[in-house]
Amino acid sequence: MSNTNSLLTIKDLYASVEDKQIIKGLNLDIKPGEVHAIMGPNGAGKSTLGYVLSGRDGYSVDGGSVALAGQDLLEMETEDRARAGLFLAFQYPVEIPGVSNLEFLKASVDAQREARGEEAITSAEFLKEAKIACKQVDLPVSFLKRGVNEGFSGGEKKRNELMQMLLLKPKLCILDETDSGLDIDALQVVAEGVNSQRSADRSFIVVTHYQRLLDYIKPDFVHVLSDGKIVKSGDASLAHELEAQGYAWLQKAPAEDELEG
Amino acid sequence: MTEQIDKALAREYEAGFVSDVESETFLPGLDEDVIRRISGMKNEPEWMLEWRLSAFREWLEMEEPDWAHVDYPKIDFQSISYYSAPKSMKDKPKSLDEVDPELLRTYEKLGIPLIEQQMLAGIAVDAVFDSVSVVTTFRDKLEEAGVIFCPISEAIQKYPELVKKYLGSVVPKKDNYFAALNCAVFTDGSFVYIPKGTRCPMELSTYFRINEQNTGQFERTLIIADEGSHVSYLEGCTAPQRDENQLHAAVVELVALDDAEIKYSTVQNWYPGDEDGKGGIFNFVTKRGICHTNAKISWTQVETGSSVTWKYPSCILKGDNSVGEFYSVALTRGRQQADTGTKMIHLGKNTRSTIISKGISAGKSNNSYRGLVRMNPGAKGARNFTQCDSLLIGDQCGAHTFPYIESRNPSAIIEHEATTSKVSDEQMFLCRQRGLDPEKAVSMIVNGFCKEVFKELPMEFAVEAGKLLEISLEGSVG
Ligand SMILES: Nc1ncnc2c1ncn2[C@@H]1O[C@H](COP(=O)(O)OP(=O)(O)OP(=O)(O)O)[C@@H](O)[C@H]1O
Ligand SMILES: [Mg+2]
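Residues numbered from 1 in each chain as written. Chains lettered and ligands numbered in written order. Predicted model: local features only at pLDDT ≥ 70, side-chain atom pairs only at ≥ 80, totals over all residues. Heavy atoms only, no water.

Chemist: I'd like a rundown of the interface of chain A and chain B, residues and numbers included.
Modeler: On the chain B side, the residues contacting the 32 residues of chain A number 21 residues. Of the roughly 2100 Å² buried where chain A meets chain B, counting both sides, 60% is carbon and sulfur surface. Put simply, chain A and chain B have six salt bridges between them. Across the pair A:Arg56 and B:Glu426 runs a salt bridge whose closest N-O atoms are separated by 3.9 Å. Here chain A is connected to chain B by eleven residue pairs in polar contact (both at pLDDT 80 or more). Of all the secondary structure elements, the ones that give two or more residues to the side of chain A that touches chain B are α1 (46–54), α2 (78–83), β6 (86–89), β7 (96–100), α3 (101–115) and α5 (154–168) of chain A. With six residues, α3(A) is the largest single contributor of residues to the side of chain A that touches chain B. (Contact = heavy atoms within 4.5 Å. Buried area = accessible area lost by both parts, 1.4 Å probe. Salt bridge = Lys/Arg side-chain N within 4 Å of Asp/Glu carboxyl O. Polar contact = N/O pair within 3.5 Å; in protein donor to acceptor, adjacent residues only side chain to side chain. Helix = DSSP H or I, 4+ residues; strand = E, 2+ residues; numbered from the N terminus.)

Written out as C-alpha cells, the structure reads:
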C-alpha cells in the first residue's frame, strides 16, 4: 500500500474530531532519515494531524490510509503505534502529579522493550541513560525525581518532551511546536537535540511557526498545511518565503479561481 | 476511555476462591444462648461472659445507623452464623509443618507465602482463619523482648488483668451498633502488649481471611503500648468469592501510654462483590486509639475491597503534646460504596493531628470522606491539618467530602484543603503515546495520586499496596 522504502506514507487522509472535519485530503510521504517541517496558520490542523497519526481517542479517520514502515497504522492501538516507533512531542504537555519522571520514563521504555521481546532495562542502567539525556536537554538531574511535568515551566516541559524522545529512540518523531515559548538558548537545545538524533533510520516531522528553528535544524522539506491539507511543499527556502510573506498568498489563490469559475 | 476502564475493572477478583478446610460452624441465629456457647467454646471466665451478655443487651436496644452515605439491604442478624473454626484446629499445630496444607495453599494463592516471605521478613504472623487463630510464629523472639502477641482468646485466659483493664476502654460497649454487636459475639483477634520502654523487635502482622459461607466475622484487636514503647502493626486481608453478603464488624482498640508510639497499617482487600455489587463483604469497623502524654498513633490504610465500607479509624488525643495521624487510600469501583474517614478528638494541650485522605472512585462506585476534627476547650495551641483529595476515573462514579470541624478553643488552628481531579484523557493519551497500555497507565496515575500515603506504609506493605491497586484497577480503564 505504500512505497516500500518509505517510513511514513499518508494517502488522501480525511479525519474529524467531534464531527468536525479537520484533515481534508492530506498526502505526505517521508523516507527514513528525512526531516519534514510543517508550517501553517493557527487552526489549520497541524496538531490534529499529530493526534490522528498517534491514534488519540476521539479523533476519527473518515478516509485514506497511513502506513508506518509498511504497517497499517490506522489499525493499531495508540500504544502499539508508540511501540512501533512513533513519538509525539506534545504542544501542550500534561502533568501527571506524583508519578516521577524517572518512573514514568522507565515504564515507557520497558513497555516498548517488552513489545520488542527484550528484557526490562535495569534501574542502574536506565538511571545512567536518563542522566545523560537530562544533560543533553539542559535539565537538572533533579527533574528525574519530580512528578511528570508537575510545576514545570513552559520551556522545561518542552525540554522534558525532548528528553523522552532521546530515551525512547523512536523511528518517527513528531515535534509539535517544541520550539514555542522557548528562550533563545532553549531553541538551540531543541535544535541540537534533534540534530544529534538525526540518522538514516530516524525521521522527523517538525511542526513550527518559526523559520528560526529551521535555520538550526535545516529540514529536507517544508510543507504548508492549511485548512486540513498540504497546499504547498518545497525545500528549506520555502520557510523564508513564508516568514516574509505569511500564508495569505497561498490561501487566496484557489479562492479566486473559484470565484472566476 | 470510560469503556476501557470498565473493561479493566471487570476482571475477576483474584482472591475469589474457596479453600476446602472442613469447618465446625454454628447454625445461623443470635440469642443469649449462642453467646454462651461462643464463650463456652473458648473456655472463657465468667466475667468475660457477663461482659458479652451486657453488650448484647445494650445492642438489642440500639438502632442500626443510617447516616452514612451508603446503601445496602437490611442485614438479617438471625441468618448469620456466629462461630466457625477450621476442623484441623482440634489438635493445635505445634509447628507450620502441622498446619493444614490447604490452609497454607490458601495464603499462598493470595500471594502470602507465610513461611518464605513472612519469616524471611522477620514478621511474626498471627493468622486468623475464620474465627480461630491457627498459626503463631516468632513467639519466642517476642517473648524474649517481653512482647505479648497472641490471640485475644488466649490473652483472656493468660492476662485477664490487662484485658479487663483495657478491653472496651477506648471503644465503649455501646459506642455504636456494630461495636456493641462485636462485644457480644467476637470470636477472636489479636492481643498485643509492649512493655515499658520496649521497641518491638519486628513488625507484627495479621492476615485475616473470611472463608465460611454465611459467617459473620467479628474480630477484636487490642494493642497496648506501655510507656515509652514502640510498635508497628500490619493488618491485611482478602476473602473468597461468595454469593451472600458477609458482614464484618471488627473492633480495634489502641492504647498508647505516655511517650509510646503505635503505627497501625491496614491493607484491606475483601471481596467487593460482582459487577452489580452482589456478594461482597459489608465492612463496618470501629477503630480507635487513645494517646496519653507525648504519645503518637498513626493509622495508615489502603482500602480496596468490600462492597460496603463504614470505617473511621480515630484518635483521642488525651495527653498533652500527643500526636494523631491518619493516612488513607480508599479505592472504590464497580458498585462499591465507601464511607470512610477519621475523627481526631483533641483534648490535651499542643496536640497535633494530620489527616491525608485519598479517595479514588471508578465505575459506578461512591466514595465518601467523612472526617471530624474536634478541639475541646482544653486543647490549647492544638493544630490539625487535613488534606482530602478525590480522583475520579470515568464519569459514572461519585466522590463526596463531609468535613466536620468543631473548635471550642480559640487558640487551636485547623487547616483543611480539598481537591477533586480526574484521570484525564490527556494523561491517558500521554501514557499510551509513550507505549504504556491503558491499565498500566491508570495504575501509574493512581499510584502517583496516592504517593503521600504509600510512603507512610512499611516497605513490604507499600509494594503490596501498589500491586493491589493495580489488580483492583484492572478492567476499570477506558
Ligand atoms: N476537540 C475539538 N472539538 C472541536 N474542534 C476542535 C477540537 N480539536 C481541535 N479542533 C479544531 O480543529 C482545528 C485544528 O486544530 P489544531 O489544533 O490541529 O490546529 P493547529 O494547526 O495545530 O493550530 P496551532 O498552530 O494554533 O497549534 C481548529 O479549528 C480547532 O479549533
Ligand atoms: Mg497546534
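Structure's up, so let's keep going.
Chemist: Summarise the site of ligand 1; cite the residues concerned and give the values.
Modeler: All names here are of chain A. Taken together, 16 residues are adjacent to ligand 1, and Gly-43, Lys-46, Ser-47, Thr-48 and His-209 come closest. One of the side-chain N or O atoms of Asn-42 is found 2.9 Å from an oxygen atom in ligand 1. Measuring from an oxygen atom of ligand 1, one finds a backbone N or O atom of Gly-45 at 2.9 Å. In the complex, 67% of the free accessible area of ligand 1, which totals 630 Å², lies under the protein chains. Those elements that provide at least two residues to the shell around ligand 1 are β2 (20–30) and α1. Broken down by element, the shell around ligand 1 gets its largest block of residues, three residues, from α1. Within the shell around ligand 1, the residues separate by chemical class into five nonpolar, seven polar and four charged. (Near = heavy atom within 4 Å. Areas by Shrake-Rupley, 256 points an atom, 1.4 Å probe, with all protein chains shown as cover. Nonpolar A, V, L, I, M, F, W, Y, C, P; charged D, E, K, R; others polar.)

Chemist: An account of the coordination of the magnesium ion (ligand 2) is requested, with residue identities and associated values reported.
Modeler: Residue and element names in this part refer to chain A. With distances of 2.0 to 2.2 Å, the protein atoms coordinating the magnesium ion (ligand 2) are Ser-47 (OG) and Gln-91 (OE1). Placement of Ser-47 in helix α1 and of Gln-91 in the loop between β6 and β7 is noted, with a sequence separation of 44 residues between them. Since its relative accessible area comes to 14%, Gln-91 is described here as buried. (Donors = N, O, S within 2.8 Å, 3.2 Å for Na, K, Ca; no water. Buried < 20%, exposed > 50% of the residue type's maximum accessible area, 1.4 Å probe, protein only.)

Chemist: Can you lay out the confidence of the model for chain B for me, pointing to particular residues and giving the numbers?
Modeler: All names here are of chain B. With 77% of its residues at a pLDDT of 70 or more, chain B has an overall mean of 80. Model confidence for chain B, summarised as mean pLDDT per element, is weakest for helix α5 (residues 114–120) at 40 and strongest for strand β11 (residues 251–256) at 97. Confidence drops under a pLDDT of 50 for residues 87–94, and excluding neighbours within four residues, the segment shows 13 contacts in the predicted structure. Note on residues 208–215: pLDDT is under 50 here. Beyond four places in sequence and across chains, it has 54 contacts. (pLDDT = per-residue confidence, 0-100.)

Chemist: Break down the sheet that holds strand β4 (residues 59–68) of chain A for me, citing the residues and quoting the values.
Modeler: Residue and element names in this part refer to chain A. The four strands are arranged β2-β1-β4-β5 in an open sheet whose pairing can be described as antiparallel. The open sheet has two edge strands, β2 and β5 (71–72), and neither has a second partner. Note that strand β1 (residues 8–17) and β4 share eight bridges and pair antiparallel. The residue of β4 that forms the bridge with Thr-9 is Ala-67. Seen against the sheet, α1 touches β1, β2 and β4 and runs at an angle of roughly 105° to β1. (Pairing = 2+ DSSP bridges. Axes fitted to C-alpha atoms, helices over the stretch in contact; angles between N-to-C directions.)

Chemist: Give me the environment of A:Asp220: which residues, what numbers.
Modeler: Residues and elements named next belong to chain A. In this fold, Asp-220 is placed in the loop between α7 (211–217) and β11 (221–226). Residues Asp-220 and His-36 lie 184 residues apart in sequence; the distance between their C-alpha atoms is 6.0 Å. In terms of polar contacts, Asp-220 uses its side chain to reach the backbone amide nitrogen of Val-35, at 2.7 Å.

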